[in-house]
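This is what each chain is made of:
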Amino acid sequence: MRRKINVLIFPAGEINSVELHDALSFNVNIDVFGCSSKDRHGSYVFKKYKSGLPLIEEQGFFEALNELLDEWEIDLIIPTHDTVAQYLAMNKDRIAAGIVGSPYETTKVCRDKKLTYELFHDCNFCPEIHDSFVRFPVFIKPRDGQGGQNAYRVNMKEQIPSVYSSEGYIICEYLSGRELTVDCFTDIHGDLRVCFPRERKRVFAGVCVASETEEITDEIKHIAETINERLVFRGMWYFQIKQNDQGKYKLLEVSTRCAGSMCFTRAHGINLPLLSVYVAMGREISVYQNPGIIRMDRTLISRYHMDYDYRKVYIDYDDTIITQREVCLPVIRFLYQCRNKGVEVEMLSRHEVDHDDSIEKSLHDHAIDRGLFSKITRVEENKQKIDYMRKENAIFIDNSYSERKKVHDVLRIPTYDVEGIEVLLDWRN
């Protein structure tokens, strides 16, 4: 049996690392690992994760990285930051695994907006670049910045920020129109196979959090094809454009890494991270797109670590597993999570006291497998659920506050209402 492709996401702490995890972790041919220098969100997402790797510029980085690559038998690394992508590409011969991404010269140009604009200075989609503040308004941004960090609209000389320097910043024409991200993919032959524009309808902390399918026009296609002709790409990449006052799109930036919102392209059936892994392995690929317009909107979600190692779950049925006559989906997910982890689940229910049907019939009617429960205990009318419970590394889930408080006060074990199920969900995969 052929071994899976072991893929390391580095650094594995920001939103695009979560997209890479989600895009790859369910593929039967791939095992996904994560590591970071600074411990951020990765440990909440990656089942196989390590933090504390030296920063890329620190002494001992390559020794520590290669030791980890050897330990986990990593085949490929996917860098998630532009600077990291450039550094790994520049030092690929010192790394004991392949790099998913474009060649060093491409990463170098894409990381430096001055080099980017110099490469496309003769193109009608290149924005006006100024050597000094000769007109207003203008937009200034760092040569090596991303996500709008330390970028400013300047309306007059008095608004020039103190962080500005002529060596580190670019002065661009101010663009007032719609902004698009265009997700792209280039195969092993250098052919542009995917050109997928999406509107950045709302942005939070530099990340697109609301997007909508955008029609690909001849103008957008021309920009994508020109960029692909002048730079050597391998796998996924993207560029951002924005309209000027005349409605013409101008180039903002090009990047060779996974975008934080490439999940939107994946929602249309195009898994760019997976295709990029295959290209890095030298394989031919095919691409198709699902029809229809999709709108995406997202906000922050919460993931939790808890240091209480429970091996037994006591759970109510009515108004807990079943809420408002429907199966509660987060609870069902949690029950299967317990099954996967070998955690025993015992149902405690007064269903047959309060309803005409049996608990077995209710389970059948809601298509819930009896095998999810190690035991179903029928709570008698004159008893409390705590009478059937033991303290043994257990937790208790019930919609009734009085039941939960009794268990908390007597047994001193964690208790949760239905809304608290999210604390127990393990997103690592």
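Worth saying up front: this structure is predicted, and the values here are computed from it rather than measured. (Residues numbered from 1 in each chain as written. Predicted model: local features only at pLDDT ≥ 70, side-chain atom pairs only at ≥ 80, totals over all residues. Heavy atoms only, no water.)

Asker: I'd like a description of the packing of helix α1 (residues 15-24) against helix α8 (residues 272-280), backed by residues and values.
Answerer: Where α1 meets α8, the closest approach of the two axes is 8 Å, and the angle between their N-to-C directions is 75 degrees. Put simply, α1 runs roughly perpendicular to α8. Taken together, the residues of α8 that come into contact with α1 (itself represented by Glu19, Leu20, Ala23 and Leu24) are Pro273, Leu274 and Val277. Here the contact of α1 with α8 is composed, by residue class, of six nonpolar, no polar and one charged. (Axes fitted to C-alpha atoms, helices over the stretch in contact; angles between N-to-C directions. Helix = DSSP H or I, 4+ residues; strand = E, 2+ residues; numbered from the N terminus. Parallel < 35°, antiparallel > 145°, perpendicular 65-115°, else oblique. Contact = heavy atoms within 4.5 Å. Nonpolar A, V, L, I, M, F, W, Y, C, P; charged D, E, K, R; others polar.)

Asker: Describe the nonpolar core, and please don't skip the residues or the numbers.
Answerer: Membership of the largest hydrophobic core comes to 34 residues, with the highest contact counts inside it found for Val7, Ile9, Leu24, Ile30, Ile78, Leu272 and Val277. Elements with a minimum of two residues in this core: β1 (5-10), α1, β2 (30-35), β4 (76-79), β11 (192-204), β13 (235-243), α7 (263-266) and α8. The leading source of residues in this core is α8, at six residues. Beyond its immediate chain neighbours, meaning those up to four positions away, Val277 contacts Ile5, Val7, Leu24, Ile30, Leu76, Ile78 and Val100. Formed by 28 residues, the second largest nonpolar core is a distinct cluster that contains Ile321, Val345, Ile368 and Ile397. (Core = buried A, V, L, I, M, F, W, Y, C linked by side-chain atoms within 4.5 Å. Buried < 20%, exposed > 50% of the residue type's maximum accessible area, 1.4 Å probe, protein only.)

Asker: Hey, could you go over helix α2 (residues 61-72) for me, with residue numbers and the actual values?
Answerer: The end-to-end C-alpha distance of α2 is 17 Å, a good match for the 16 Å that 12 residues give at a rise of 1.5 Å each. The complete set of buried residues in α2 reads Phe61, Phe62, Leu65, Leu68, Leu69 and Trp72. Axial view of α2: buried residues confined to an arc of 130 degrees, hence all on one face. Away from its buried face by more than 90 degrees, α2 exposes Glu63, Glu67, Asp70 and Glu71. Elements in contact with the buried residues of α2: β1, β2, β3 (49-50), β4 and α3 (82-90). In the stretch just after α2, Glu73 is the one whose phi turns positive, near 55 degrees. (Expected span 1.5 Å × (residues − 1). Arc of directions from axis to C-beta.)

Asker: Which residues make up the environment of Asp131, and what values do they have?
Answerer: Structurally, Asp131 can be placed in the loop between β6 (129-130) and β7 (138-142). Since its relative accessible area comes to 78%, Asp131 is described here as exposed. The sequence separation of Asp131 and Leu175 amounts to 44 residues, and the corresponding C-alpha distance is 17 Å.

Asker: Can you tell me about the state of the cysteines, naming the residues and giving the values?
Answerer: Enumeration over the complete set of coordinates arrives at zero disulfides. Counting only cysteine sulfurs, Cys123 is the nearest neighbor of Cys126, a cysteine outside any disulfide, at a range of 7.2 Å. Looking at the unpaired Cys328, the closest cysteine sulfur is the one in Cys338, lying at 14 Å. Among the residues examined, Cys328 registers a relative accessible area of 9% and is labelled buried. (Disulfide = S-S within 2.5 Å.)

Asker: Lay out the pairing of strand β21 (residues 394-397) with the relevant residues and their values.
Answerer: Of the two faces of β21, the one lined by Ala394 and Phe396 and the one lined by Ile395 and Ile397 are each fully buried. Relative to β21, strand β16 (residues 312-315) runs parallel, the two being bridged by four bridges. Bridge assignment links Lys312 to a residue of β21, and that residue is Ala394. Pairing geometry for β21 and strand β22 (residues 415-416), over two bridges, is parallel. Pairing of Ile397 across the sheet is with Tyr416, part of β22. Where the polypeptide runs from β21 across helix α12 (residues 401-411) and back to β22, its parallel neighbour, the crossover connection is right-handed. (Pairing = 2+ DSSP bridges. Right-handed = clockwise from strand over helix to strand, strands pointing away.)

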